[in-house]
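# Chain and residue survey
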Amino acid sequence: MSVSVVFDHEDFLVVHKPPDCAVTRNSSDKGLLARLRRQLDSSSLIPVHRLDKITSGLWLLAKNIEAARALTTLFRERAVRKCYLALSDRKPHKKQGLVIGDMARSRDGRWKMCQSQEAPAVTRFISRSMRPGLRLFALFPETGKTHQIRVAMKCLGAPILGDSLYGRRPSSLLVPERTYLHAYALAFSYKRIHYDFKELPRHGRYFLDPTFTSALQTFDALDQVFRSNQWQPP
């Protein structure tokens, strides 16, 4: 399967990662990175951030060590703006706001949110009704903790639809064939030039449903703010 290239810069590459695809090698798959290196005949591609296997959407890779260092620094200094889209069939405790707290591993190997805030995961979010029994979330992680968005959604009482690790059995009316989490937007400045990217989901019947498009259009004003230099998370 060919990997879709969203943007090709002399120093970096932005691609569309499909869901249920590991970015690096695991027991059953050599991973998306190896596939990209073969497809582009380039062994120098270096990931500067990672996406969970379940997550689709924008993935950024450097083409050389110098670019990797610069882009990694942007992520570390929280200079990269990120927006994720998620669906849930549960009502959240609140429709918008902030989820903040330290994260720790639980006994079963999953991550959990703690009440302490020594080195907290920070996620801002807004949500809209997509249709009865289904809600669209736009999430803006200010930090990059493992499983941060998935845990934040669980803390809101609205685990991501199809998330077998942190979710619950969906209603009998919904049959999710993927975990509905998508890396939708990415923005940063590199060598004094501003770049912003948006990429709609390409997989999943509920992401491709017209009601998703209608709900997403209510975030259009937010997209304009996201692209501006005066951007502030909601």
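First things first, this report covers the structure right here in the doc. (Residues numbered from 1 in each chain as written. Predicted model: local features only at pLDDT ≥ 70, side-chain atom pairs only at ≥ 80, totals over all residues. Heavy atoms only, no water.)

Here we come to the overall build of the protein chain. Secondary structure summary: the protein chain contains five helices and twelve strands in total. Considering the protein chain as a whole, with its 234 residues, one finds that 49% of them fall into the buried category. A separation threshold of at least 6 residues defines the contact pool for the protein chain, and within that pool the share at least 24 residues apart is 62%. Total accessible area on the protein chain stands at roughly 12,100 Å², and carbon and sulfur atoms take up 49% of it. (Helix = DSSP H or I, 4+ residues; strand = E, 2+ residues; numbered from the N terminus. Buried < 20%, exposed > 50% of the residue type's maximum accessible area, 1.4 Å probe, protein only. Contact = heavy atoms within 4.5 Å. Areas by Shrake-Rupley, 256 points an atom, 1.4 Å probe, with all protein chains shown as cover.)

In this model helix α2 (residues 65-76) runs 16 Å from its N-terminal to its C-terminal C-alpha over twelve residues, within 8% of the 16 Å that 1.5 Å per residue would give. Residues of α2 that are buried: A67, A68, L71, L74 and F75. Down the axis, α2 shows its buried residues gathered within 125 degrees of arc, on one side only. Within α2, the exposed residues directed more than 90 degrees away from the buried face are E66, R69 and R76. The opening residue of α2, the one whose side-chain oxygen lies 3.3 Å from the backbone nitrogen of E66, is N64. Among the residues trailing α2, R78 stands out with phi positive, at a value near 60 degrees. (Expected span 1.5 Å × (residues − 1). Arc of directions from axis to C-beta. Polar contact = N/O pair within 3.5 Å; in protein donor to acceptor, adjacent residues only side chain to side chain.)

With that out of the way, let us pick up the pairing of strand β9 (residues 121-131). The pairing of strand β6 (residues 96-101) with β9 spans six bridges and is antiparallel. Its bridge partner lying in β9, I100 is registered against V122. As judged from the eight bridges shared by β9 and strand β10 (residues 134-141), these two strands associate in the antiparallel manner. Across the sheet, F125 pairs through a bridge with L139, a residue of β10. Connecting β9 to the next strand, β10, in antiparallel fashion are two residues, including G133 with a positive phi near 85 degrees. (Pairing = 2+ DSSP bridges.)

This brings us to helix α4 (residues 210-217). An α-helical segment advances 3.6 residues per turn. Residues three or four places apart therefore align on the same side. Among the residues of α4, those classed as buried are F212, A215 and L216. Take α4 and look down its axis: the buried residues cluster within an arc of 100 degrees, on one side only.

Right, let's talk about the pairing of strand β4 (residues 56-62) for a bit. The buried fraction of β4 amounts to seven of the seven residues, a majority that puts the element mostly inside the structure. When strand β2 (residues 12-17) meets β4, the two strands line up antiparallel, connected through six bridges. Pairing of L13 across the sheet is with L61, part of β4. Sheet topology places β4 next to strand β11 (residues 181-190); two bridges connect them, and they run parallel. Its bridge partner lying in β11, S56 is registered against H182.

Another aspect to go through is the pattern of salt bridges. Considering all chains together, one arrives at ten salt bridges under this definition. For D89, the salt bridge is made with R90, and the minimal N-O distance between the two is 3.6 Å. Looking at R90, the relative accessible area reads 26%, which means it is partly exposed. Between R150 and D163 there is a salt bridge; the shortest N-O distance is 2.8 Å. One end of the pair, R150, is in helix α3 (residues 148-155); the other, D163, is in the loop between α3 and β11, and 13 residues separate them in sequence. (Salt bridge = Lys/Arg side-chain N within 4 Å of Asp/Glu carboxyl O.)

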